[in-house]
Amino acid sequence: MLGIGGGIAAYKCADLTRRLIERGAEVKVVMTEAAKKFITPLTMQAISRHPVFDSLLDPTAEASMGHIKIAKWADLMLLAPATADLIARVTAGMGNDLLTSVSLATGAPIAVVPAMNQQMYHATVTQENLATLTRRGHLIWGPASGEQVCGDIGLGRMLEPLKLVALIEEHFSDNDLDGMSFLITAGPTREAIDPIRYLTNKSSGKMGYAIADAAAKRGAKVTLVSGPIQLATPTNVERINVQSAEDMHNEVQRHAGQHQIFVACAAVSDFTPVQVADHKIKKKTGCDKITLSLVKTKDIIASVTAMTNNRPFTIGFAAETQDIEQYARSKLTKKNLDLICANDVSRKNQGFNSDQNALHLYWANGDKLLPLASKIDIGHQLVSEIVTLFNKNK
Ligand code: PMT
């Protein structure tokens, strides 16, 4: 239940709602009268896909005690932006509009997301109200510090939607993977040709990072060996940066024995130049061609499955454009994997450098399709499938 107060940060609620729904949450919205001056109920209705609740005195809704129904429906009540006025009314236990009435009537945890001018935030009464709410067991998320719409600089900015999503996920996480450990590779590799040129591919790292994030959110210990990409490191993930296939191989070898599960999601270069030129390769007059001699890189995943001590449960990926099942199953056997995740990288809007993916999982005596969804979603589903298979194979 998203309770929107009347502050300029209300505009962030549209993005927040979209991102929560993307992660599988159902979001219903209650707005104060003042909130409707900053963002329209129509916008919130369209994004949340539910009618917006805004009136305590709506005879149709209240015929069936609407505010009590809404209050019972919620698993979490998020007051965002929580203005100084909204915080004061909630602290005082008032029920003079629908939002405060629902806050009073709900049995769900309430997270207060303060957003106001820094002076109002530091005001003694606001601080005392927040202290009272904390004592009562309300969660207080934020505020962040920075430049404010009024020109002031300081504490009082509403937390960004992605940060709130992370806090909500953390709130609901039951840490069921506490005690498990994952080693994950992600992103492309770079194979140097000379000091300024290299061979690489289109991997963005999003798929591998989503898997790392999903496992860490459930309490697993996660080490992420990452090719050169700009993505932020997921919370509670140890990241090791590498450049080449050789670097990735070395880091994976160093860590594999200390993890129960290895997921090789990186798009590792299959070939690397035989020699790296010491200086920039120059054009020569009269010479329109050069030949680059390449040699096979070490197969990182095959070196892991060949381990005789502490071999982790090993999951590979197969990036295919045709005969997907046949190629995926052949990699499963040849590389001696426990599970392979095949993606059709010939399709638009999935696979390399996209926010979405679909995976077909194959293992020795089964298979399962994870249909097209955001990589974040696929990451969560995949971690669940991996853990189920891992536990069966123990
Ligand atoms: O990074 P994104 O933009 O989010 O895109 C995700 C992805 C498409 C890169 C990802 O889903 C994926 O398919 N990763 C594997 C890509 C790949 O290199 O596939 P492959 O079929 O060439 O390799 C098979 C397996 O062997 C992979 O697990 C790969 O990590 C591993 N391998 C490959 C070469 C090598 N030298 N060592 C390896 O371990």
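Small disclaimer: the values here were computed from a predicted structure and weren't measured.

### Examining the sheet that holds strand 8 (residues 181–186)
Sheet architecture is open: eight strands sit in the order 12-11-8-13-16-17-18-19, paired in mixed fashion. Looking at which strands have only one partner, the edges of the open sheet turn out to be strand 12 (237–241) and strand 19 (366–374). The sheet shows a mean angle of 20° between the axes of neighbouring strands, direction not considered. Bridge count between strand 17 (residues 339–344) and strand 18 (residues 356–363): three bridges; the pairing is antiparallel.

### Remarks on the domain arrangement of the protein
Splitting the protein by domain gives domain 1 (2–171) and domain 2 (181–279 + 287–392). A C-alpha centroid distance of 40 Å is found between domain 1 and domain 2.

### Quick look at the site of the ligand
Around the ligand, a shell composed of 29 residues is seen, among which Ser203, Ser204, Lys331, Asn343 and Asn353 lie nearest. One of the side-chain N or O atoms of serine 204 is found 2.6 Å from an oxygen atom in the ligand. The backbone of alanine 264 places a nitrogen or oxygen atom 2.7 Å from an oxygen atom of the ligand. When the ligand sits alone it has 770 Å² of accessible area, and the protein chains cover 95% of it. Broken down by secondary-structure element, the contributors of at least two residues to the shell around the ligand are helix 10 (206–217), helix 12 (300–305) and strand 16 (313–320). No other element matches strand 16, which puts four residues into the shell around the ligand. Its residues assigned to classes, the shell around the ligand shows twelve nonpolar, ten polar and seven charged.

### Focus: the pattern of salt bridges
A complete count under the given rule lists 24 salt bridges for this structure. The residue arginine 18 makes a salt bridge to aspartate 15 at a minimum N-O spacing of 3.1 Å. Here arginine 18 and its partner aspartate 15 are both found in helix 1 (residues 12–22), three residues apart, which amounts to about one turn of the helix. Where glutamate 160 meets arginine 157, a salt bridge forms, and the shortest distance between an N and an O atom there is 3.3 Å. Look at glutamate 160 and you get partly exposed, because its relative accessible area is 39%.

### Focus: the UniProt feature "domain: DNA/pantothenate metabolism flavoprotein C-terminal" (unreviewed entry) in the protein
The UniProt feature table records "domain: DNA/pantothenate metabolism flavoprotein C-terminal" (unreviewed entry) at residues 177–388. End-to-end, the C-alpha atoms of residues 177–388 are 11 Å apart, and along that stretch the chain is 25% helix and 31% strand.

About the criteria used
- Each chain has its residues counted from 1, following the order in which its sequence is written.
- Where local features are concerned, this predicted model is filtered to residues with pLDDT of at least 70; where side-chain atom pairs are given and counted, the filter is 80 or more; whole-chain, interface and lining totals use all residues.
- Working from all heavy atoms in the structure, the side-chain values ignore hydrogens and water.
- Criterion used throughout: strands pair if DSSP finds at least two bridges between them.
- Working definition: helices are DSSP H or I runs of at least four residues, strands are E runs of at least two. Numbering for both runs from the N terminus.
- For helices, the fitted axis covers only the stretch in contact; all axes are lines through C-alpha atoms, and the angles between them, taken along N-to-C directions, range from 0 to 180 degrees.
- Domain boundaries shown here were taken from an automatic or database domain assignment.
- Here a residue is considered near a molecule or strand provided that any single heavy atom belonging to it is located within 4 Å of it.
- In protein, a polar contact means a hydrogen-donor-capable atom and an acceptor-capable atom, both N or O and within 3.5 Å, with residues adjacent in sequence counting only if both atoms are side-chain atoms; elsewhere, any N or O pair within 3.5 Å suffices.
- To be clear on the numbers: accessible area is Shrake-Rupley with a 1.4 Å probe, and residue cover counts the displayed protein chains and nothing else.
- In the scheme used here, Gly and all other residues not listed as nonpolar or charged are polar, with Ala, Val, Leu, Ile, Met, Phe, Trp, Tyr, Cys and Pro taken as nonpolar and Asp, Glu, Lys and Arg as charged.
- The salt bridge definition used is simple: a Lys or Arg side-chain nitrogen within 4 Å of an Asp or Glu carboxyl oxygen.
- Relative accessibility decides the category of a residue: with a 1.4 Å probe and only protein chains considered, values under 20% of the type maximum give buried, values over 50% give exposed, and everything between is partly exposed.
- UniProt positions are given in the numbering used here, feature names are shortened, and annotations may be inferred rather than shown by experiment.

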